[in-house]
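Single-letter residue listing:
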Amino acid sequence: MRKILLISGKRKCGKDFLSERLQKRLGDRALIVRISEPIKTEWARKLELNLNSLLSDGPYKEQYRRDMIVWSDEVRARDYGYFCRMAMTQAPLDLVDVVIVSDIRRTNDVRWFRETYGDDVVQTLRLTSLPETRKARGWNFTAGVDDVASECDLDDYQFDCVLPNDAEMSSEQLIEKVLKVFKLS
Ligand SMILES: Nc1ncnc2c1ncn2[C@@H]1O[C@H](COP(=O)(O)OP(=O)(O)OP(=O)(O)O)[C@@H](O)[C@H]1O
């Protein structure tokens with residue numbers, strides 16, 4: 001593994017979209033790691049314990065996303081690298097040059113990657129999209145989701161590169177820019 005590209009951005013700014021296009025472009029040389037995967041897996045396991053209350057109680061069900069944030073924050077408070085470590089441990093890192101982490105949300109996520117793999121390997125990209133672009137992609141402001149640390153912790157972080165993902169730039173141009181800036185091709 002030569003490089004780890006950490007991708008951050010608000011909901012519906014296109015993190016997954018860019019990660020998948022980038023991975024396709026790089027082919028076998030790259031893989032995508034999602035920190036949310038071990039979070040969702042563990043949460044689902046937890047939910048089975050509470051499945052009855054989840055099924056019988058409407059509000060409990062609707063709180064799913066918020067509850068998952070609260071719970072994962074509790075785990076992070078004890079061990080900030082917990083989910084990053086799990087996600088990376090499950091990935092076949094030896095087989096690729098580039099690891100694309102598609103959902104960086106915390107300063108502590110970046111900290112963990114830098115401490116574990118070093119500043120020469122880890123690079124950071126912030127994607128931005130206008131609120132109207134995000135709305136057109138299905139985003140609606142949700143209290144407890146859009147105004148908490150999981151969404152705002154990296155707002156003031158100094159990324160290696162910040163790129164807009166709105167209609168002005170085609171997805172092909174965006175990919176070319178990322179490949180060039182991070183010297184991936
Ligand atoms: N440049 C683009 N051109 C066309 N469609 C795009 C572009 N960027 C994003 N989209 C679309 O917008 C939607 C939201 O993008 P995506 O799921 O990648 O966002 P995200 O940042 O990963 O969101 P979340 O944080 O909620 O998971 C998807 O349907 C995606 O295909």
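In every chain, residue numbers begin from 1 and rise along the written sequence. The predicted origin of the model limits local features to residues at a pLDDT of at least 70 and limits the giving and counting of side-chain atom pairs to 80 or more, whereas totals for whole chains, interfaces and linings rest on all residues.

Draft legend 1. Looking closely at the sheet that holds strand S1 (residues 3-9). Here, any two strands with at least 2 DSSP bridges between them count as paired. Only DSSP runs of H or I reaching four residues or more are called helices, and only runs of E reaching two or more are called strands; each is numbered from the N terminus. Strand order in the open sheet formed by five strands is S2-S3-S1-S4-S5, and the pairing between neighbours is parallel. In this open sheet, the two strands that pair with only one neighbour each are strand S2 (30-33) and strand S5 (161-164). Each strand axis lies, on average, 25 degrees off the axis of its neighbour in the sheet, ignoring direction. When S1 meets strand S4 (residues 122-128), the two strands line up parallel, connected through six bridges. When the bridges of S4 are listed, Ile-4 appears paired with Val-122. To get an axis, fit a line to the C-alpha atoms, keeping to the stretch in contact for a helix; angles then go from 0 to 180 degrees between the N-to-C directions.

Draft legend 2. Spatial organisation of the environment of Leu-93. Relative to the helices and strands, Leu-93 is located in the loop between helix H6 (82-89) and strand S3 (98-104). Sequence separation of Leu-93 and Gln-158 is 65 residues, and the distance between their C-alpha atoms is 26 Å. Two residues form a contact once the distance between their C-beta atoms, set from the backbone, is within 7 Å. Here Leu-93 is in contact with Met-1, Met-88 and Val-99, once residues within four sequence places are set aside.

Draft legend 3. Main features of the confidence of the model for the chain. Here pLDDT means the predictor's own confidence in every residue, given as a number from 0 to 100. Averaged over the chain, the pLDDT score is 90; the fraction of residues at 70 or greater is 91%. On the interface metric, ipTM, the complex scores 0.99, and its pTM is 0.91.

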